[in-house]
Structure formats: C-alpha cells, structure tokens
Amino acid sequence: MTVKKILFINQEITPYVPDSEMSHLGRQLPQVMQEKGYEIRTFMPKWGNINERRGQLHEVIRLSRMMLIIDETDHPLIIKVASIPSTRIQVYFIDNEDYFTKRLMARDEDGKEYDDNGERAIFFARGVLETVKKLRWTPDIIHCQGWMCSVIPLYIKTAYHDEPSFTDTKVITSLFSEELHDGLGENFRQSIEFKNVKASLLDTYNKDFGFQDMQKLAIDYSDGIVCVGNNVNPELVKYATEKNIPLIDNPVDESLGDTLNAFYDNICENKSE
C-alpha cells in the first residue's frame, strides 16, 4: 500500500529551538515529504525556550483543555499551533505549565537533566495521540524523532491500537546520538500505566529503567528504524538488527525524500501484519 498520510512527531524543529542535527531533520523531513504530495501533520513539545511571540504561536481552543491523568494527577493539555516561515508546514505544539512552559528542554539553566523527563515524555506522547484523535485524522505512518517520542510506539501498539485513527498505522523511530544520563525519574514506571499498559510491562528491561531501556522500548514496538548520523549507540543498532526490524542508516542527503519514501512504502506493504 502506498503511503498517503504521515504524522511526524518531533522532539525538536528549527527555527523554534537551537540548531542541531535533530532540529534540522525535524524541519527538513516534513517539508520534503509534503512537497512530494503527502498529507502530513507535525507535532513537537512547546519547550519553555520557544519564543511564542516571535514564532507566532497561538492556542487552538477547540483542541485544548483536556485533562490527562498521569500517576493519579490531572494535567491540563494545551495545544498551540504555528506555521514555519516560508513554508506551508503547520506545527502543533504540546504544552503544559508544569512540564513545558516553565522548563527548557532536557536540561535546566545549569545543565542538569530534569528528574521527571520520563514523565514529560509520557505526557507528550498521550497529548499528541489524543490530539490526533480529535483531528479525526488517520496516518499511514507515524515517524518519531527524539527521546521525547520513545513511549509513542508502545502506546500505538497497545493502548491506542483499537482507536480508528491508529488501527493500521505503522511506526518508524529515528535514533540519534543524543543520550540522557541521569535517569527518567522515580515515577516513570507507574506513570506509564494507561488502559492496558501496566508497569509490569517494563519488567523485561533493566530494573533501574533508564534511557537505553526507553530507547529499546521504542525499538520493540516500532515497525522500522532510521539511524541518523554516525554516532548512534551501536548497542541500540545491534538490538534492532537482532530483532530483524527493518533499518536504514544515515539517509540524510540529497536523496532523503526518495530514500524515506521507499522505506515507508516497504514498511506498509504488509498492513495486515
């Protein structure tokens, strides 16, 4: 089956956050695929270092104000939107005062990793998926880029599998060199629980569930893996390879669109699997 609709879920997109390998690809890939004629949607966190006035972000009232319960606590979901200058790409931003508005990205002003980064990733994942449901949009492919997206493949294949928007969706995960080192927070295990997803699901990973385990979790529930750059952790590449998950390496060049187009089509050939 030929891919027609692609949902890009990005941790970073330039020009909203500082330049990086990830933010450039977050900006480049949706544009390339949109120019090829695909219908796309694009999401990212509304990090606290994003200048809303300069980026011309505004709240989408009809999509906002849902309460997400994480670890028995209600957290309001705020959806904002903006268009990347000089493009036709619209970006939806997932916002929440506690998780994003008052915070920077993975690390605070002193360079220390936030101790609830795992919980933030869970809120982001559920916020994106609930918003896509509200949009009544059915992507053929969901392409996740960055550690903030690591729980999305799990939720797509379990808690959201019976939702009409996601029943036949295939999930691609991009791996980058960026890594976290200070853990995901002591509440990560209980926070991940939602519908049929239980904390015990993590028992097959290290007891001290950390960043590498979260990346392996993403791999386990993905239909394809894209390795970006030359410094992706070789343990993760080996892990994906041993599980026989389709993988392409370092596709970021002038043929990016054609390479990913062929990869997407290959992943979607067996929709019934």
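Provided above is the structure to which this section pertains.
This is a predicted model, so every value here is computed, not measured.

Rules and cut-offs
Residues numbered from 1 in each chain as written. Predicted model: local features only at pLDDT ≥ 70, side-chain atom pairs only at ≥ 80, totals over all residues. Heavy atoms only, no water. Core = buried A, V, L, I, M, F, W, Y, C linked by side-chain atoms within 4.5 Å. Buried < 20%, exposed > 50% of the residue type's maximum accessible area, 1.4 Å probe, protein only. Helix = DSSP H or I, 4+ residues; strand = E, 2+ residues; numbered from the N terminus. Contact = heavy atoms within 4.5 Å. Expected span 1.5 Å × (residues − 1). Arc of directions from axis to C-beta. Polar contact = N/O pair within 3.5 Å; in protein donor to acceptor, adjacent residues only side chain to side chain.

(A) How the structure looks around the nonpolar core. Grouped together as the largest cluster of nonpolar side chains are 73 residues, with contacts concentrated most on Tyr16, Tyr155 and Ile192. The leading source of residues in this core is helix H4 (residues 117-135), at nine residues. Among residues more than four places away in sequence, those in contact with Tyr16 are Met44, Ile50, Gly55, Leu57, Ala82, Ser83, Ile84, Val91 and Phe93. Core analysis: the next-biggest nonpolar cluster, separate from the first, contains 21 residues, Ile6, Leu29, Val32 and Ile267 among them.

(B) Highlighting helix H9 (residues 256-268). In this model H9 runs 18 Å from its N-terminal to its C-terminal C-alpha over 13 residues, within 8% of the 18 Å that 1.5 Å per residue would give. Looking at H9, one finds that the buried residues are Leu256, Gly257, Leu260, Asn261, Phe263, Tyr264, Ile267 and Cys268. With its buried residues spanning 165 degrees around the axis, H9 presents them on a single face. Close packing links the buried residues of H9 with strand S1 (5-10), helix H1 (21-35), strand S7 (141-145), strand S8 (170-175), strand S9 (224-227) and strand S10 (247-249).

(C) Broad picture of the side chain of Asp223. Relative to the assigned elements, Asp223 resides in the loop between helix H7 (211-220) and S9. For Asp223, a relative accessible area of 18% corresponds to the buried category. Only 2.7 Å separates the side chain of Asp223 from the side chain of Lys157, close enough to count as a polar contact. The contact partners of Asp223, leaving out residues within four places of it in the chain, are Lys157, Thr169, Lys170, Val171, Ile245, Pro246 and Ile267.

(D) Spatial organisation of the environment of Ser165. Positionally, Ser165 belongs in the loop between helix H5 (152-157) and S8. On the basis of relative accessibility, which here comes to 8%, the residue Ser165 falls in the buried class. Note: C-alpha distance between Ser165 and Arg136 (29 residues apart in sequence) is 6.8 Å. Setting aside residues up to four positions removed in sequence, Ser165 forms contacts with Val132, Lys133, Trp137, Thr138 and Pro139. A polar atom in the side chain of Ser165 sits 3.1 Å from the backbone oxygen of Trp137.

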